[in-house]
Amino acid sequence: MFGYVTICEPELKVKDLKKYKAYYCGLCRTLKEEYGFAGQMTLTYDMTFAVIFLSSLYEETAKMEMHRCKVHPVKKQMMLKGEITSYAAAMNVLLAYYHLDDDWRDDRKISSYAAKSVIRRKVEKIIEAYPRQSKAIRRSLSELTECEREQSTDIDRAAGCFGRLMEELFVYREDVWEKNLRKMGFFLGKFIYLMDAYEDLPEDLEKKRYNPLKELYQNEDYEERIRQILCMMIAESTAEFERLPCLVDVDILRNILYDGVWSRYNKIQTKKSEEKKE
């Protein structure tokens, strides 16, 4: 994932910001404990959201711990961890592994081969524990590779690949909430993919790399249309979120879904406005 599903810090209460950081540090700590330094390097804001969201939905009380780390060597930091944190850590590592594997297969990047080799044995255990999610990630990334090879400008097709990947990760348990979780994860995944494509488009055009938005970019109303598409994706996702009985940390979750996910978009717009003035 790409780090778009994060908080809007200025709009978050101090106590909620403190708790969010505790979840983030808890995920970081779990990655280190269960997968070593290589696993810790896969840490993302997106999966921190998954920890908070699923913990709220399933009413899991995270265990509070205090630890020092390389980033905070002097003062111990509060960390919140639980079973769902371990699940999120496993998904984080699994995603990173398959991404590295694709880089190796497609571009023969030695660095990707070396990195995936470090975590291969632990990933084999994750695949054994979570075969459904593993199969979905592998299939979705393979479909994305096919879109790239074909230079497909079918936006729905390309974004849908990542949407299907996310919907599987959101299904922590196949239970009464599965349908809602799938729909929420699917549209959030499409939003993440399209936001990433939107941010990368200028560089992709310059370097002649694949981007499904290239055709849409030719239209005069490109900026308006991409915003409409992004709004539709996140609206569908948040609609499903509001149907779920999340009560704990709901202010943090709404901060992320209604404000935080637009942080990078707003930065891009600010940058474009400044460039126009110049």
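Just so it is clear, the structure is predicted and the values come from calculations on it, not from any experiment.

J.: Before we go on, may I ask you to explain the environment of Ile137 in this structure?
T.: Inspection of the secondary structure assignment puts Ile137 in helix α5 (residues 131-150). Residue classification places Ile137 among the buried positions, given a relative accessible area of 0%.

J.: I would appreciate a short explanation of the nonpolar core in the present structure.
T.: The nonpolar side chains of a soluble globular protein tend to be buried, and buried together. If you look at the biggest cluster of nonpolar residues, it comprises 86 residues, and the most contacted ones within it are Phe49, Phe53, Leu181, Leu194 and Leu213. The element best represented in this core is helix α7 (residues 178-207), accounting for 13 residues. Apart from residues lying up to four places away in sequence, Phe53 is in contact with Phe170, Leu181, Met184, Phe241, Leu244, Cys246 and Leu253.

J.: Before we go on, may I ask you to explain the packing of aromatic side chains in this structure?
T.: Enumeration over the complete set of coordinates arrives at 15 aromatic pairs. Relative to Tyr130, the ring of Tyr87 has its centre 5.3 Å away and its plane inclined at 70°; by these criteria the two rings are edge-to-face. You can see Tyr87 sitting in helix α3 (residues 83-107) and its partner Tyr130 sitting in the loop between α4 (110-129) and α5, a full 43 residues away along the chain. Owing to a relative accessible area of 2%, Tyr87 belongs among the buried residues under this scheme. A relative accessible area of 25% places Tyr130 in the partly exposed class. Among the aromatic residues, those joined into a cluster by ring pairs are Phe191, Tyr198, Tyr217, Tyr222, Trp262 and Tyr265. Here Arg227 stacks its cationic end above the ring of Trp262, 4.9 Å away from the centre of that ring. Cation over ring: Arg264 sits above Tyr4, and NZ or CZ is 4.1 Å from the ring centre.

About the cut-offs
Numbers given for residues are sequential positions, taken from 1 along each chain in its written order. It should be noted that, the model being predicted, local features are given only for residues of pLDDT at least 70 and side-chain atom pairs only at 80 or more, the latter also being counted only at that level, while totals for whole chains, interfaces and linings use all residues. Water and hydrogen atoms play no part in the side-chain values, which are based on all heavy atoms of the structure. Elements are defined by DSSP. Helices are runs of H or I of four residues or more, strands are runs of E of two residues or more, and each kind is numbered from the N terminus. Each residue is assigned to one of three classes by its accessible area relative to the maximum for its type, calculated with a 1.4 Å probe on protein chains only: buried under 20%, partly exposed between the two thresholds, exposed over 50%. Note on terminology: a nonpolar core comprises buried Ala, Val, Leu, Ile, Met, Phe, Trp, Tyr and Cys residues joined through side-chain atoms within 4.5 Å. Here, residues are in contact when the closest pair of their heavy atoms is within 4.5 Å. Classification of ring pairs rests on two measures: the distance between centres of Phe, Tyr or Trp rings, Trp counted by its six-membered ring, which must be within 6.5 Å, and the angle between planes, read as stacked under 30 degrees, edge-to-face over 60 and tilted in between. Lysine and arginine charges are scored as sitting over a ring when NZ or CZ, respectively, is within 6 Å of the ring centre and within 35 degrees of the ring normal.

Everything listed is a geometric property; what it means functionally is a separate question.
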